[in-house]
Amino acid sequence: MSDANAEKINRLLQQRSFIELGARQRARALLDAGSFRELLDPFARMTSPWLPKQGIVVQADDGVVVAKGTIDSQPAVVVAIEGAFQGGSLGEVGGAKIAGALELAAEDNRNGIATRALLLLETGGVRLQEANLGLAAIAEIQSAIVELQQYQPVIGLVAGPVGCFGGMSIAAGLCSYLLVTQEARLGLNGPQVIEQEAGVDEYDSRDRPFIWSLTGGEQRYASGLVDGYLADDLELIGEQIRRFFQQGLPAEQRSHRHAWFLERLQKFDGSVQADAASVRSLYQGEQL
Amino acid sequence: MSTATVQRGLRWFQLLAAKGEVQRDLPDSLRVADTTLMGQRVRYLAVVPDSNNRFPRARNGEVGLLEGWGLAKAIDQALEQDREREDKRALIAIVDVPSQAYGRREEALGIHQALAGAVDAYARARLAGHSVISLLVGKAMSGAFLAHGYQANRLIALRDPAVMVHAMGKESAARVTLRSVEELEALAATVPPMAYDLESYESLGLLWETLSVADALNPGAEDLLRVEDCLSSALTDIANGPVDLRSRLGAQNRAASSKVRELLRAQW
Amino acid sequence: MQTLSFQFSAGHPAQGRALVGCVGSGDLEVMLEPGTSGTLAIAVVTSVNGGEQRWQQLFQRMFSDQQMPALNITIHDFGATPGVVRLRMEQALEELSHV
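The structure displayed is predicted, hence computed values, not measured ones.

Focus: the interface of chain A and chain B
Line of reasoning, step 1. Facing the 89 residues of chain A at the interface are 73 residues of chain B.
Line of reasoning, step 2. Area buried by chain A at its contact with chain B is led by L128, N132 and H258 of chain A, which between them contribute 10% of it.
Line of reasoning, step 3. One salt bridge connects E140 of chain A with R254 of chain B, and the closest N-O pair in it is separated by 2.7 Å.
Line of reasoning, step 4. There are 36 residue pairs in polar contact (both at pLDDT 80 or more) connecting chain A and chain B.
Line of reasoning, step 5. When residues in the side of chain A that touches chain B are grouped by element, the largest group, 13 residues, is from helix α4 (residues 131-148) of chain A.

Shown next as structure tokens:
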């Protein structure tokens, strides 16, 4: 066995999964050791006022963890969504926690404190039981991301297994840098909803290979719609996040590139269906 | 019925921007025009049906790939042109969007990113000092509304049964939440954020103003004046306020949103 | 959804607090906080109705062979089996002992 192979195997043996961690553990793991401090923690019992009215059990943190600390010794706030609670959906409280934290991070920057933000996105989007309040909160989250990245990069990470959908996929698209793993899916509309609205011929929600081929992390990376494609390795993910923060703001962020995307979309033949290969080829030559 | 509904946006655009200079070089599903409103420079933006849209799932006024990126382009252009000006033109989104585009092409080509382009542009414009207003004349649904209208400093809705804000259509919402449409409707009657009617939405405190008109589909001269008056008051109101979205907070039915912020600030 | 409450006798108040689990399918969230001396109070909110007896028996068995500290326990249950409940309770108590 070569040294390189031995090293690879050793690495695999030591690898700690990030995906299997819960939201709180994820946030803790990505902040500098010992710096994690949770705001509005579960014992504050800021739970959804709307779920009990519908006979649905609440979670004490409403599925969102907000933690302050440092990353690379710089002030940071990490927001982590718990995908296992109500599919990571955002209601009033969870949404306000994210929006409020990002608003305060932006305010810090206006006051000369260079607080940066990391979003761990594991969400189906709006929590339909709180529909319009979830949607309103997502608009505020989006506003705060745009405001904050006038000063600092906002990094989004979609690790899986839930993925990132709905209004929060738009929020992901606003991030300065967006990172995914092989277990991540990223898309605006959930497969079931597309099938419901457009029919099974348009989108077969039970055809998992088809759905992964279009919206999976690997495809999104190959199409230039995300900035990093990471292995499920806690240490590597932490390294990448620090590296992207060190880069500072991107030269031109993806959500500003309407001219490039419109030019590419002009070349797309709308009369045929899209597949993974056609999207990769259309979006290749991306000068990021 | 649905055809009549989707043409509201176009109708209001034609009236409000009648004397406007229409912007070319945008997707055919967008209407963008510069004009003045009671002496102030404004740009009206609307997403309208385009039966020839190259993306078949975006032919009925849905916000899709071209619409998201196209809005971004139209707004960015105003930002650029007004960069050095004090009197930055206002952006007025005429909102009548039945949904985002649901389709295979859309997901594959990254519709989320296209809508992010529009959201980003609207938010940057607002933060840069452009007044942004949303005038809801029809449906304002989900991702479509996020991309076209929800970043506004002020939201104004016509008081009309066809004006509706929601996260998902009833049938899909029922399917996703494993309920029947009847169960969903029963719940919506007691849970304001779930409801589909404008009064319930109004109770969340997100709207700056609701406005009664005689005919929201075929507005007369008086209706037009009333709306222009309201838009103009909104511009005055914005000029005296912050560029963020905090004016949406404060309603009883949204008390937790304020409480969370208050506690976060205390612990920050 | 059903809200249940239980009380057992206990010793001195626990030190610190702990949280384990998540309100995901087949799982539950258990929160432990110091209680009033002599009392172990449990509040259960569960998605499964009609399980009062089962919860009572489960807690009785768990606490029969040990003197528990005084705690306020909050449980948010999303259809966990008795085995999972027991596991989460043990994890929470274990975490408490490390505080």
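Digging into helix α3 (residues 92-110) of chain A
Given 3.6 residues to a turn, an α-helix orients residues that are three or four positions apart in the same direction.
All names here are of chain A.
Line of reasoning, step 1. Given a rise of 1.5 Å per residue, 19 residues ought to cover 27 Å, and the 26 Å separating the end C-alpha atoms of α3 matches this to within 8%.
Line of reasoning, step 2. Most of α3 is tucked away: 16 of the 19 residues are buried.
Line of reasoning, step 3. Following α3 by one or two positions, G112 adopts a phi angle in the positive range, close to 85°.

Considerations on the sheet that holds strand β2 (residues 64-71) of chain A
Residues and elements named next belong to chain A.
Line of reasoning, step 1. Strand order in the open sheet made by the seven strands is β1-β2-β3-β4-β5-β6-β7, with mixed pairing throughout. In this open sheet, the two strands that pair with only one neighbour each are β1 (37-39) and β7 (228-230). For this sheet, the mean inter-axis angle between neighbouring strands, taken without regard to orientation, is 25°.
Line of reasoning, step 2. Packing against the sheet, helix α2 (residues 23-30) makes contact with β1, β2, β3 (74-81), β4 (116-120) and β5 (154-158), and its axis sits at approximately 10° to β2.

What to know about the environment of G149 of chain B
Residues and elements named next belong to chain B.
Line of reasoning, step 1. Structurally, G149 is set in the loop between α6 (142-147) and β6 (154-158).
Line of reasoning, step 2. Residues G149 and L184 lie 35 residues apart in sequence; the distance between their C-alpha atoms is 26 Å.
Line of reasoning, step 3. Setting aside chain neighbours within four positions, we find G149 in contact with A93, V95, Y122, S134 and L155.

As for the pairing of strand β5 (residues 71-77) of chain C
Residues and elements named next belong to chain C.
Line of reasoning, step 1. Of all seven residues making up β5, six are buried, and the element is well covered by its neighbours.
Line of reasoning, step 2. Direction of pairing for strand β4 (residues 39-46) relative to β5: parallel, over a ladder of seven bridges. Directly across from L40, in β5, lies its bridge partner L71.

Re helix α3 (residues 65-81) of chain B
Line of reasoning, step 1. Here α3 of chain B contains 17 residues, and its C-alpha end-to-end distance of 24 Å stays within 8% of the 24 Å for a straight helix at 1.5 Å per residue.
Line of reasoning, step 2. Along α3 of chain B, 13 of the 17 residues are buried, which leaves the element largely enclosed by surrounding structure.

Some remarks on the interface of chain C and chain A
Line of reasoning, step 1. With 18 residues of chain C at the interface, the matching set in chain A holds 16 residues.
Line of reasoning, step 2. Both faces combined, the contact of chain C with chain A buries some 1,300 Å², and carbon together with sulfur accounts for 66% of it.
Line of reasoning, step 3. Close ionic contact of R17 of chain C with D41 of chain A constitutes a salt bridge, the shortest N to O distance being 3.0 Å.
Line of reasoning, step 4. Joining chain C to chain A, the criterion identifies five residue pairs in polar contact (both at pLDDT 80 or more).
Line of reasoning, step 5. Those elements that place two or more of their residues in the side of chain C that touches chain A are β2 (18-21), β3 (28-34), β4 and β5 of chain C.
Line of reasoning, step 6. For the side of chain C that touches chain A, the element with the highest residue contribution is β3 of chain C, accounting for four residues.
Line of reasoning, step 7. Residues that form the side of chain C that touches chain A fall into these classes: nine nonpolar, five polar and four charged.

Concerning the side chain of T210 of chain B
Residue and element names in this part refer to chain B.
Line of reasoning, step 1. Relative to the helices and strands, T210 resides in strand β8 (residues 209-211).
Line of reasoning, step 2. Residue T210 is classed as buried on the basis of its relative accessible area of 13%.
Line of reasoning, step 3. Reaching out from T210, the side chain makes a polar contact with the side chain of R159 at a distance of 2.5 Å.
Line of reasoning, step 4. A distance of 3.3 Å separates the side chain of T210 from the side chain of E202, its partner in a polar contact.

Side note on the packing of aromatic side chains
Line of reasoning, step 1. The final tally for this structure, using the stated rule, is 14 aromatic pairs over all chains.
Line of reasoning, step 2. A centroid spacing of 5.9 Å and a plane angle of 45° characterise the contact between W260 of chain A and Y283 of chain A, whose relative ring orientation is tilted. Placement of the pair is W260 of chain A in helix α10 (residues 258-266) and Y283 of chain A in helix α11 (residues 276-283), with a sequence separation of 23 residues. Both residues of the pair, W260 of chain A and Y283 of chain A, belong to the buried class.
Line of reasoning, step 3. Among the aromatic residues, ring-to-ring pairing joins F6, F8, W55, F59 and F63 of chain C into one connected group.
Line of reasoning, step 4. The aromatic ring of W260 of chain A is capped on one face by R257 of chain A, whose charged end is 4.8 Å from the ring centroid.

Points about the confidence of the model for chain C
Line of reasoning, step 1. On average, chain C scores 95 in pLDDT, and the residues at 70 or more come to 99%.
Line of reasoning, step 2. Reported for the predicted complex are a pTM of 0.96 and an ipTM of 0.97.

Rules behind the numbers
Residues numbered from 1 in each chain as written. Chains lettered and ligands numbered in written order. Predicted model: local features only at pLDDT ≥ 70, side-chain atom pairs only at ≥ 80, totals over all residues. Heavy atoms only, no water. Contact = heavy atoms within 4.5 Å. Buried area = accessible area lost by both parts, 1.4 Å probe. Salt bridge = Lys/Arg side-chain N within 4 Å of Asp/Glu carboxyl O. Polar contact = N/O pair within 3.5 Å; in protein donor to acceptor, adjacent residues only side chain to side chain. Helix = DSSP H or I, 4+ residues; strand = E, 2+ residues; numbered from the N terminus. Expected span 1.5 Å × (residues − 1). Buried < 20%, exposed > 50% of the residue type's maximum accessible area, 1.4 Å probe, protein only. Pairing = 2+ DSSP bridges. Axes fitted to C-alpha atoms, helices over the stretch in contact; angles between N-to-C directions. Nonpolar A, V, L, I, M, F, W, Y, C, P; charged D, E, K, R; others polar. Phe/Tyr/Trp six-rings, centres within 6.5 Å; stacked < 30°, edge-to-face > 60°. Lys NZ or Arg CZ within 6 Å of the ring centre and 35° of its normal. pLDDT = per-residue confidence, 0-100.

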